[in-house]
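Here's the letter readout for the chains.
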Amino acid sequence: MGLKHLGIAASVCLGAAATGAAAFIALATPKSQPAAAVRVQPTPERIERGRYLFHQLADCAGCHSPRDPAKFAMIADPARTGAGFVFPDELGFPGRIVAPNITPDPGTGIGRWTDGEKIRAIREGISRDGRALFAFMPFRQFAKLSDEDIHSLVAYLNSLPPVRNALPRTALRFPVNILSRFEPEPVLAPPKPPGPADRVRYGELLAGMACIECHTELDNGRLVAGREFAGGHEFAVGAFVARSANLTPDVETGIGGWTEERFVRRFRDYGNLAYANAPRAVQANFTVMPWYGFAHMKEDDLRAIYAYLRSLRPVYNPVAHHPQLAVQSN
Ligand code: HEC
Ligand code: HEC
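Residues numbered from 1 in each chain as written. Chains lettered and ligands numbered in written order. Predicted model: local features only at pLDDT ≥ 70, side-chain atom pairs only at ≥ 80, totals over all residues. Heavy atoms only, no water.

K.L.:
Before we move on, could you go through the coordination of the iron atom of ligand 1 and cite the residues and values that matter?
P.N.:
Within the first shell, the iron atom of ligand 1 binds the protein through H64 (NE2) and M137 (SD), at distances of 2.0 to 2.1 Å. Each of the six donor atoms around the iron atom of ligand 1 contributes to a set of angles spanning 89 to 179 degrees, which defines the coordination as octahedral. Placement of H64 in helix α3 (residues 60-64) and of M137 in the loop between α4 (115-124) and α5 (139-142) is noted, with a sequence separation of 73 residues between them. (Donors = N, O, S within 2.8 Å, 3.2 Å for Na, K, Ca; no water. Tetrahedral: all angles 85-135°; square planar, octahedral: opposite > 155°, others 65-115°. Helix = DSSP H or I, 4+ residues; strand = E, 2+ residues; numbered from the N terminus.)

K.L.:
Quick one: what's the story with helix α9 (residues 260-268), residue by residue and with numbers?
P.N.:
Among the residues of α9, those classed as buried are F263, V264 and F267. In a view along the axis of α9, the buried residues occupy a sector of 95 degrees, so they form one face of it. Buried residues along α9 sit in contact with α10 (291-294) and α11 (299-310). (Buried < 20%, exposed > 50% of the residue type's maximum accessible area, 1.4 Å probe, protein only. Arc of directions from axis to C-beta. Contact = heavy atoms within 4.5 Å.)

K.L.:
Can you explain the site of ligand 1? Please cite residues and give values.
P.N.:
The local shell around ligand 1 holds 23 residues, among which C60, C63, H64, S127 and M137 are the closest. One of the side-chain N or O atoms of H64 is found 2.8 Å from a nitrogen atom in ligand 1. Elements with a minimum of two residues in the shell around ligand 1: α3, β3 (98-99) and α4. It is α3 that contributes the most residues to the shell around ligand 1, three residues altogether. Its residues placed into classes, the shell around ligand 1 shows 18 nonpolar, three polar and two charged. (Near = heavy atom within 4 Å. Polar contact = N/O pair within 3.5 Å; in protein donor to acceptor, adjacent residues only side chain to side chain. Nonpolar A, V, L, I, M, F, W, Y, C, P; charged D, E, K, R; others polar.)

K.L.:
Give me the lowdown on the pairing of strand β8 (residues 240-243), citing residues and values where you can.
P.N.:
Note that strand β7 (residues 234-237) and β8 share four bridges and pair antiparallel. What sits directly across from V237, in β8, is F240. (Pairing = 2+ DSSP bridges.)

K.L.:
Please set out the packing of helix α8 (residues 199-210) against α11 residue by residue, giving values where relevant.
P.N.:
Contact geometry of α8 with α11 gives a least axis separation of 7 Å together with a crossing angle of 100 degrees. Taken together, the axes of α8 and α11 are roughly perpendicular relative to one another. Here α8 contributes R199, V200, R201, Y202, G203, E204, L206 and A207 to the contact with α11, which in turn contributes D301, R303, A304, I305, A307 and Y308. Its residues assigned to classes, the contact of α8 with α11 shows eight nonpolar, one polar and five charged. (Axes fitted to C-alpha atoms, helices over the stretch in contact; angles between N-to-C directions. Parallel < 35°, antiparallel > 145°, perpendicular 65-115°, else oblique.)

K.L.:
Break down the coordination of the iron atom of ligand 2 for me, citing the residues and quoting the values.
P.N.:
The iron atom of ligand 2 binds to the protein through H215 (NE2) and M289 (SD); the donor distances cover 2.0 Å. Each of the six donor atoms around the iron atom of ligand 2 contributes to a set of angles spanning 85 to 178 degrees, which defines the coordination as octahedral. One end of the pair, H215, is in the loop between α8 and β5 (218-219); the other, M289, is in the loop between α9 and α10, and 74 residues separate them in sequence. Here H215 falls in the buried class, since its relative accessible area comes to 8%.

Such coordinate-based values are descriptive only and should not be taken to indicate function.
If you want it as structure tokens, here you go:
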């Protein structure tokens, strides 16, 4: 066989392998199970707990509501809670990322979904049509919540005022579109999360849900191993840039020198801010950290997060949260 023929034979083989692999990935992923046939009873306790999870602990509100980049911390308009958000391109995601409208609007939201389909999306990462959700939606973390907490979230979602807001779909670039299909994982038994008495483990659960994604550098949409909570993840929106802080207990560059009181106060300081009185965003204060919601986190929950962060291995990583922007010369 001449060289030319070898080349053709090789590319035929490679082509067949690639087609085979694509067929395998399409058939074998994402891993999923049918949505459960449950109906969540909306008790007042569930709606209250769901509200707390939605706005504070799990910050569903922060990702799934239209946010205003002209205001401090890109505060979300409370009249459009849950109506969805297209993440700005400048954030450097691997494609167009859209947190969908999750209000009960039947046309543009999830008003036609069953409660079981909502539960499956929240903790197993499967959309109603069986598609894998991009894991920026922290379903792997939400999978650790108790059934009762998940039911509380659904009870609260069902209580939101419907908002009509049609949005485009998430469109991931290669290879993240393929990698994402491997992320969903069915929840086969009721999770048994640690309770508040187990402070460090409970803090780990909360920080895994509420903080790790932003406070860790990402590579192709995945957390960089060994850099968890070490900060430096850059957020650029419009003319502004902020980088997340190092939350490991490194004394010089992290929160190693912070007392628990200082940590709690850093959150409480934002307690009086609301949509109506939010300051204008400028480079010196620009942030995407959801201070508004977190300012009202329960004190025990904040203290548990602090206890967990203090238990981590210190990572030296100096971060300029608000870098001086280079002056454009043209
Ligand atoms: C860090 C941002 C982020 C947080 C926090 C977040 N989501 Fe999402 N969520 C997303 C994104 C992005 C998608 C869409 C992913 C995709 O299209 O591949 C999504 C998808 C969903 C979907 C599926 C909607 C659909 O039409 O397919 C539901 C339901 C949902 N999220 C509910 C929640 C709830 C409830 C919470 C809080 C417990 C939450 N999300 C927290 C970003 C987030
Ligand atoms: C959406 C992204 C995002 C999330 C989620 C997030 N942070 Fe942040 N965080 C940032 C950014 C960006 C900064 C730097 C700008 C600023 O100070 O607001 C920051 C700053 C901070 C600071 C201030 C550090 C200092 O030196 O003053 C603390 C403390 C902090 N984050 C803790 C947390 C904790 C704890 C959580 C989870 C409960 C969390 N963050 C969740 C993005 C985020």
